[in-house]
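Observations on the three-dimensional arrangement
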Amino acid sequence: MKNWKRLAAMGMSAAMLLSLAGCSTTTSTGDAGDAAAGGDAAATTSSGGGGDLEGAHVFMFKSTGNSFGDLMYEGFSEYLEGKGEKTSYQSPAETTVAAQVQMLDELITQKVASITISTNGDAGYDEVFKRAQDAGIPIVSVDSEANPEYRICHVNQAEVQAIGSYLVQAGVLITLGIDYPGDGKMEETLAAELPNYSGDEIKLGVLSASIDTPVQNSWIDAMRVELEKDMYAGKVSPELDIKYGNDDLTESTTQAQAFIAENSVDCIISPTTVGIAAAGQALKSANSEIELTGLGIPSEMQSFMPNSADENAFDYVCPYMMLWDVIHLGAVAGAAQYAAMNDGFDGSVGSSFEMDAFRDYEATTYEAYESGDGTAVLAGEPFIFSKDNMEEWIDVL
Ligand code: RAM
């Protein structure tokens, strides 16, 4: 693994991160008065002052109850609080645009200092973002993009096409019964193996978040681009069978069960940590032959994946999967926001900011590049979790 040194170093933070487990479902609800009721995380690591959000740097995830958002907030708040800033975690209960817009409206009224957001859709925010802009509240998006017109910049977890390609390559390799071939080797292994495959055309399913979620849709587009490569022609269907679980455990489980009942795909690729965990449980309970891969959090996937190198990966519904360093991603978003407010970072192409050393990461300069109609900075790259490294990662993420 390219970043192995960094990953091993991250392992040293395990104790710190373990304590995070207790924070994973303790997001506050946006009603400032509810902040304490939201649980320990909200009370101890965020706004502190009894729900007074004035001057707080708000981190808004797609919805509550998602460890991916909790882990990002951990990094965001740790970085900004290290700078003496006040932070608060405010996400709606429902994974919808309307729920986020309503909460954003309240936050602007409460005079928060900044908003860092992972959006549920690419339309419907303009009016509220304009209000934020008029009030001098800067917006940075992370994970799932906000309209370029209103954001300083987006913080991209890893290159979109790399994620889409890896997801398809893993799904096809797993369908062919091939164990993780090692970093940088998935494509060449497929190129060598696919010509020998003479079975039925392989069909891939996708269990996504919502039909409108910008980030999942960008990965799905990237999967389609990957499937256009010559090596897949006649071997893997270019059509993806896509279902949407709305990043809700119950809805994702229902959609996974629909895949099982239809039995028409060979492998489900779930580019959402909620979807992959729901599918893992559904496939395992049904003893289904459909395989699984996607983007998952190791601790949430441990019952559906091999946990040690001596196991047979194919005894499990998900032989291998990927993600990135979610805590660091949140910290980079915090650093971008801090730089926008204090160091003149304006997010224009070529503008940059320096992020202080964070945990095991050295101080790093991030430079904004053109991304769609706006700009982004790149925080990292995808990591593959397999039987060779799951054991150590379960304690980290
Ligand atoms: C889910 C969310 C998030 C996504 C991750 C991979 O937790 O949908 O936005 O990036 O999965």
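Below is a summary of the structure that appears in this document. (Residues numbered from 1 in each chain as written. Predicted model: local features only at pLDDT ≥ 70, side-chain atom pairs only at ≥ 80, totals over all residues. Heavy atoms only, no water.)

1. Here's the deal with the overall build of the protein
Counting its regular elements, the protein contains 14 helices and 15 strands. Burial statistics for the protein: of 397 residues in total, 56% are counted as buried. Taking as baseline every contact in the protein between residues at least 6 positions apart, the subset at least 24 positions apart corresponds to 70%. When the accessible surface of the protein is split by element, carbon and sulfur atoms take 46% of a total near 15,400 Å². (Helix = DSSP H or I, 4+ residues; strand = E, 2+ residues; numbered from the N terminus. Buried < 20%, exposed > 50% of the residue type's maximum accessible area, 1.4 Å probe, protein only. Contact = heavy atoms within 4.5 Å. Areas by Shrake-Rupley, 256 points an atom, 1.4 Å probe, with all protein chains shown as cover.)

2. Examining the site of the ligand
All residues in the neighbourhood of the ligand are listed as F61, K62, N66, F68, D143, Q216, W219, D247, P271, T272, T273 and L295. Between the ligand and the protein, one listed contact pairs an oxygen atom with a side-chain N or O atom of K62 at 2.7 Å. Between the ligand and N66 there is a distance of 3.0 Å, counted from an oxygen atom to a side-chain nitrogen or oxygen. Protein coverage of the free-state accessible area of the ligand, which is 290 Å², stands at 100%. Here the residues of the shell around the ligand sort into five nonpolar, four polar and three charged. (Near = heavy atom within 4 Å. Polar contact = N/O pair within 3.5 Å; in protein donor to acceptor, adjacent residues only side chain to side chain. Nonpolar A, V, L, I, M, F, W, Y, C, P; charged D, E, K, R; others polar.)

3. A closer look at the sheet that holds strand 2 (residues 87–89)
Taken in spatial order, the seven strands make up an open sheet running 2-1-3-4-5-14-13, and their pairing is mixed. Of all the strands in the sheet, the pair left with one neighbour each is strand 2 and strand 13 (369–371). The mean angle between the axes of side-by-side strands here comes to 30°, regardless of whether they run parallel or antiparallel. (Pairing = 2+ DSSP bridges. Axes fitted to C-alpha atoms, helices over the stretch in contact; angles between N-to-C directions.)

4. Details of the pattern of salt bridges
One pass over the full model with this rule turns up 13 salt bridges. Put simply, D221 and R224 hold a salt bridge, and the shortest N to O gap is 3.3 Å. You can see D221 and its partner R224 sitting in helix 9 (residues 214–227), three residues apart, about one turn around the helix. Taking relative accessible area as the criterion, R224 reaches 38% and is therefore assigned partly exposed. K243 is the salt-bridge partner of E262, the closest N and O atoms lying 3.0 Å from each other. Of this pair, E262 sits in helix 10 (residues 249–262) while K243 sits in strand 7 (residues 236–244), placing them 19 residues apart in sequence. The exposure class of E262 is partly exposed, given its relative accessible area of 43%. Here the salt bridges share partners, and the residues they tie into one network are E74, E78 and R359. (Salt bridge = Lys/Arg side-chain N within 4 Å of Asp/Glu carboxyl O.)

5. Side note on the side chain of D247
Its place among the elements puts D247 in the loop between strand 7 and helix 10. A distance of 2.5 Å separates the side chain of D247 from the side chain of T272, its partner in a polar contact. Residues contacting D247, with those up to four places away along its chain left out, are K62, N66, T95, A209, S252, T272 and V274.

6. Some points on the environment of Y180
By the secondary structure assignment, Y180 is in the loop between helix 7 (160–175) and helix 8 (186–193). For Y180, a relative accessible area of 16% corresponds to the buried category. C-alpha of Y180 to C-alpha of I384: the two residues are 204 residues apart in sequence and 8.8 Å apart in space. Contacts of Y180, omitting those with residues within four sequence positions, involve M186, Y320, I384 and S386. Of note is the side chain of Y180, whose polar atom sits 2.5 Å from the side chain of D183.

7. Considering the packing of helix 4 (residues 67–82) against helix 13 (residues 326–342)
Running from amino to carboxyl end, helix 4 crosses helix 13 at an angle of 45°, the nearest separation of the two axes being 6 Å. As far as their axial angle goes, helix 13 and helix 4 are oblique. Where helix 4 crosses over helix 13, the handedness of that crossing is right-handed. Counting all contacts with helix 4, which are made through F68, L71, M72, E74, G75, F76, Y79 and L80, the residues of helix 13 involved are V326, I327, L329, G330, A331, A333, G334, A335 and Y338. Residue classes in the contact of helix 4 with helix 13 are distributed as 13 nonpolar, three polar and one charged. (Parallel < 35°, antiparallel > 145°, perpendicular 65-115°, else oblique. Left-handed = near helix turned anticlockwise from the far one by under 90°.)

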